[in-house]
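Single-letter residue listing:
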Amino acid sequence: MAAVALSSCSSAPAPQTEAAAAKTVSEVVDSSSSVDTAAVTQSADLPVSYNDIQFPEFKYVAPYPKDYRVEVAPGITGYIVSDRSLPLVNFTVYFEESFIPSVLKDEAANSMVSSMLRRGGGGGINPHALDDSLEFISAGLSTSVGTFSSMFDIDCMSKDFKNMMTTAKQVLTAPEFDKEQLELVKTNFVTSYDRRYDTPAKVLSALKAKVNYAPNPRLWDANAEEYKSVTAEDVKRLAAGAFSSKRIIFALSGDVDKDSAVVMLKDFFAGWKVEPAAEKAKPMPLAFLNKPGVYVVDKDITQANISMNQPFVKRPHPDYYPAAVASFILGGGSFTSRLMNRVRSDEGLAYSIYSSVGNDYRDTAMSTIALQTKVESVDFALKLIFEEVEKLAKDGPSEEELAQAKKSLIESLPSLFDSPSSTAIIFAKGELLGKSDDHYLDYVKEINAVTPDQVKAMIAKYFDKSKMTISIVGPVSKFDALKPFTVVPMDSLEFRN
């Protein structure tokens, strides 16, 4: 053992040949019977350098939706992913229901429906009693009402799940919209409205919407006075039918037994209002203005906030997967991407720069390039960006770039299923959107099938400078090199018609 201890304290030895290393191990083993022979042999097999480490080929098959799907009643289906390792349960229920105000004055009340369905109490339970009871058992109950669907979510210990289902049903099927809670919600909305342009990022988000989309009720903005004038009756009227639907899809995960859960769910949904499958009016799509150019909101800041956008596709669409690979190579792959290397690493003009293509099954999405840079370097940064776009569209990716993009996108797939709740929820949302059961199997095939020519075509088609709106927040006086551009007053960013 003295020899071993002395060796560990000495300076780093010179590199050894395999024969010399084997001899050394043999000498050490012979010198002391207390040495673990298996451990020493294993250490001798370790690579000399990390470059010599061999990893097995990545093979991952995503969970298959049909393995988890159940139907508990006509029009009510869902996914149960059991995991008994922790005594926790997550239960999320989606109701397919369009939800858009018909007149502008209703937008303020419409915005508050999601909060008030949970905070207003219901079913004979006042808001304070509901809050206290949830806090006592460390449980959560949340609600949301969106353009295409409404939902509620339960998080709790498995021992409390049955009681939580009863509580949720009481509150959500007979909401009461407590007036005291409504005043608190109104105050929060008024405060948010007053601070809506506090940061350049918030201004850029509003500018990007204003210059890319035509006026639409889905984009309406209420003002402070309209928030203040909302009544409990307004919220109640707009919330009617939020949790009744022609189609209900749930996601149940955690410490549950599948067969027992089905029995419990049948009881839970018994008597729940499910409307006939008559087709309802679908929410209107968001229409693009399609007026390329440079648009600026004047703000005295040192870092310009920039977003470049053009219409992309609505999924499913054959261009989506090749465009996703192309965008990864251009700017979506962090430090492996061309934009990051050129604009940040080579020139030091931005801390972060990225590209993306939207993934939307409801509306036409946008392709995007976004960054922040010093106001003095905006013109140069844009020049470099479009040089990289044109170069990739003309020459295409290298073999290494294409292989790395495919590898990264495919190896990100397991992160979608990193927990039982993530798995159940992604399947439930997929069914709402109409994804096939083979969607995540096809994902790998589609990504692997992308060719260099497709990458070139997608960059040319969806990152075309002549078709882009360039939205910038920064001091107008510093942007002479960008002229001509349109100055958009900050007080005109809201959608009011």
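Because the structure is predicted, anything quoted here is derived from the model rather than measured.

Conventions adopted
- Residues numbered from 1 in each chain as written.
- Predicted model: local features only at pLDDT ≥ 70, side-chain atom pairs only at ≥ 80, totals over all residues.
- Heavy atoms only, no water.
- Pairing = 2+ DSSP bridges.
- Helix = DSSP H or I, 4+ residues; strand = E, 2+ residues; numbered from the N terminus.
- Contact = heavy atoms within 4.5 Å.
- Axes fitted to C-alpha atoms, helices over the stretch in contact; angles between N-to-C directions.
- Buried < 20%, exposed > 50% of the residue type's maximum accessible area, 1.4 Å probe, protein only.

Chemist: Account for the sheet that holds strand S11 (residues 469-474), naming residues and giving values.
Modeler: In sheet architecture, strand pairing relies on hydrogen bonds along the backbone and comes in two forms, parallel and antiparallel. An order of S9-S10-S8-S11-S7-S12 is seen for the 6 strands of this open sheet, with the pairing classed as mixed. Both outer strands of the open sheet, strand S9 (353-357) and strand S12 (486-487), are each paired with one neighbouring strand and no more. By the bridge criterion, 5 bridges tie strand S8 (residues 303-311) to S11 in an arrangement that is antiparallel. By the bridge assignment for S11, Ile306 is matched with Ile472. In the packing of helix H8 (residues 200-212) onto the sheet, the strands contacted are strand S7 (293-298), S8, strand S10 (366-374) and S11, and the crossing angle to S11 comes to about 150°. Packed on one face of the sheet, helix H14 (residues 378-395) meets S8, S9, S10 and S11 and runs near 145° to S10.

Chemist: Explain unusual backbone geometry to me, using residue names and the numbers behind them.
Modeler: Residues Arg315 and Pro316 are joined by a peptide bond in cis, for which omega reads -5°. Among the secondary structure elements, Pro316 is positioned in the loop between S8 and helix H12 (320-332). Omega for the bond connecting Lys483 with Pro484 falls within 30 degrees of zero, at 5°, which places this linkage in the cis form. Within the chain, Ser334 stands out as a residue other than glycine whose phi angle is a positive 55°.

Chemist: A description of the sheet that holds strand S4 (residues 140-145) should follow, citing residues and the corresponding values.
Modeler: Within the open sheet, the 6 strands sit side by side as S1-S2-S6-S3-S5-S4. Their pairing is mixed. This sheet does not close on itself; its edge strands, each paired only once, are strand S1 (69-73) and S4. The average undirected angle you get between the axes of adjacent strands in this sheet is 15°. In terms of strand pairing, strand S2 (residues 76-82) meets strand S6 (residues 248-254) through 7 bridges, oriented parallel. By the bridge assignment, Thr77 is partnered in S6 with Ile249.

Chemist: Go over the environment of Glu71, please, and point to the residues and values.
Modeler: With respect to the helices and strands, the residue Glu71 is situated in strand S1. Through-space distance from the C-alpha of Glu71 to that of Val262 is 8.4 Å; in sequence the pair is 191 residues apart. Leave out the neighbours within four places in its chain, and Glu71 touches Ile76 and Thr77.

Chemist: Please set out the environment of Tyr443 residue by residue, giving values where relevant.
Modeler: Note that Tyr443 resides in helix H17 (residues 439-448). Residue Tyr443 is classed as buried on the basis of its relative accessible area, which comes to 15%. Considering only alpha carbons, one finds Tyr443 and Ile410, 33 residues apart in sequence, at a separation of 8.0 Å. With residues up to four places along the chain from it excluded, the contact list for Tyr443 reads Tyr321, Leu409, Ile410, Ser412 and Leu413.

Purely spatial values, then, with no claim about function.
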